[in-house]
Amino acid sequence: QVQLVESGGGLVETGGSLRLSCGGSGRTFSNYNMGWFRQAPGMEREFVGVIDISGTYTHYVDSVKGRFTISRDNAKNTVYLQMNSLKPEDTAVYSCAAGGSYYNRDPKGWRYWGQGTQVTVSS
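Criteria and thresholds
Residues numbered from 1 in each chain as written. Predicted model: local features only at pLDDT ≥ 70, side-chain atom pairs only at ≥ 80, totals over all residues. Heavy atoms only, no water. Helix = DSSP H or I, 4+ residues; strand = E, 2+ residues; numbered from the N terminus. Buried < 20%, exposed > 50% of the residue type's maximum accessible area, 1.4 Å probe, protein only. Pairing = 2+ DSSP bridges. Salt bridge = Lys/Arg side-chain N within 4 Å of Asp/Glu carboxyl O. Disulfide = S-S within 2.5 Å. Core = buried A, V, L, I, M, F, W, Y, C linked by side-chain atoms within 4.5 Å.

**Details of unusual backbone geometry**
Right, on to step 1. You will see that N77, though not glycine, has its phi angle at about 55°, which is positive.
Right, on to step 2. Of note, N77 is situated in the loop between β7 (68-73) and β8 (78-83).
Right, on to step 3. For S85, which is not glycine, the phi dihedral falls at a positive 50°.
Right, on to step 4. Within the secondary structure layout, S85 lies in the loop between β8 and β9 (92-98).

Set out below in structure tokens:
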């Protein structure tokens, strides 16, 4: 069992930055790929990005490439989502997840989830 808790969400203006954190407990954090997903009002939850177990590799949905960066610190059992150049369309509840395959962009394929944190980008 893995427990995940996101933090760092809030309200930011267009072009601003936020860094989300996802802290893990329970099973050894370093055993899992870690994903970030988001869900906007009226939309299905979508894949944002993923980082592999070692933190060596990442990939992202096209809409955030060049703006978002995922990193992890396994010693701290924490994964981060650095969000720069934020746009109103980034507004969503952001959730971290563990236990999915590195190339799996389907939320249904991820086993453990945090509660989510709201990110709102104003214009």
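Resuming the write-up.
**Notes on the pairing of β9**
Right, on to step 1. With six of its seven residues buried, β9 lies for the most part within the structure.
Right, on to step 2. With six bridges connecting them, strand β4 (residues 34-39) and β9 associate as antiparallel partners. In the sheet register, Q39 faces β9, and the bridge partner there is V93.
Right, on to step 3. Where β9 and strand β11 (residues 117-122) come together, three bridges link them in antiparallel fashion. Counted as the bridge partner of A92 is V119 from β11.
Right, on to step 4. Summarising the sheet, β9 and strand β10 (residues 112-113) pair through two bridges and their orientation is antiparallel. Opposite A97, over in β10, you have W113 as the bridge partner.

**Points about the pattern of salt bridges**
Right, on to step 1. Using the criterion set out here, one finds four salt bridges in the structure.
Right, on to step 2. Close ionic contact of R38 with D90 constitutes a salt bridge, the shortest N to O distance being 2.9 Å. Highlighted residues: R38 in strand β4 and D90 in the loop between β8 and β9, separated in sequence by 52 residues.
Right, on to step 3. On the accessibility criterion, R38 (6% relative accessible area) is buried.
Right, on to step 4. Its relative accessible area of 1% is what places D90 among the buried residues.
Right, on to step 5. Overlapping salt bridges, with partners in common, bring together R38, E46, R67 and D90 in one network.

**Focus: the state of the cysteines**
Right, on to step 1. Applying the stated criterion across every chain, the model contains one disulfide.
Right, on to step 2. What pairs with C22 in a disulfide is C96, and their sulfur atoms sit 1.9 Å apart. Disulfide C22-C96: the torsion about the S-S bond is 55°, which places it as right-handed. Residue C22 is located in strand β3 (residues 18-26), and its partner C96 is located in strand β9; the two are separated by 74 residues in the primary sequence. Assigned by exposure class, C22 and C96 land together as buried.

**Here we look at the nonpolar core**
Right, on to step 1. Counting residues in each nonpolar core, the largest one holds 34 residues, and the members touching the most others are M34, W36, M83 and Y94.
Right, on to step 2. Looking at which element gives the most residues to this core, the answer is β9, with five residues.

In short, the description is geometric, and any link to function would need to be established separately.
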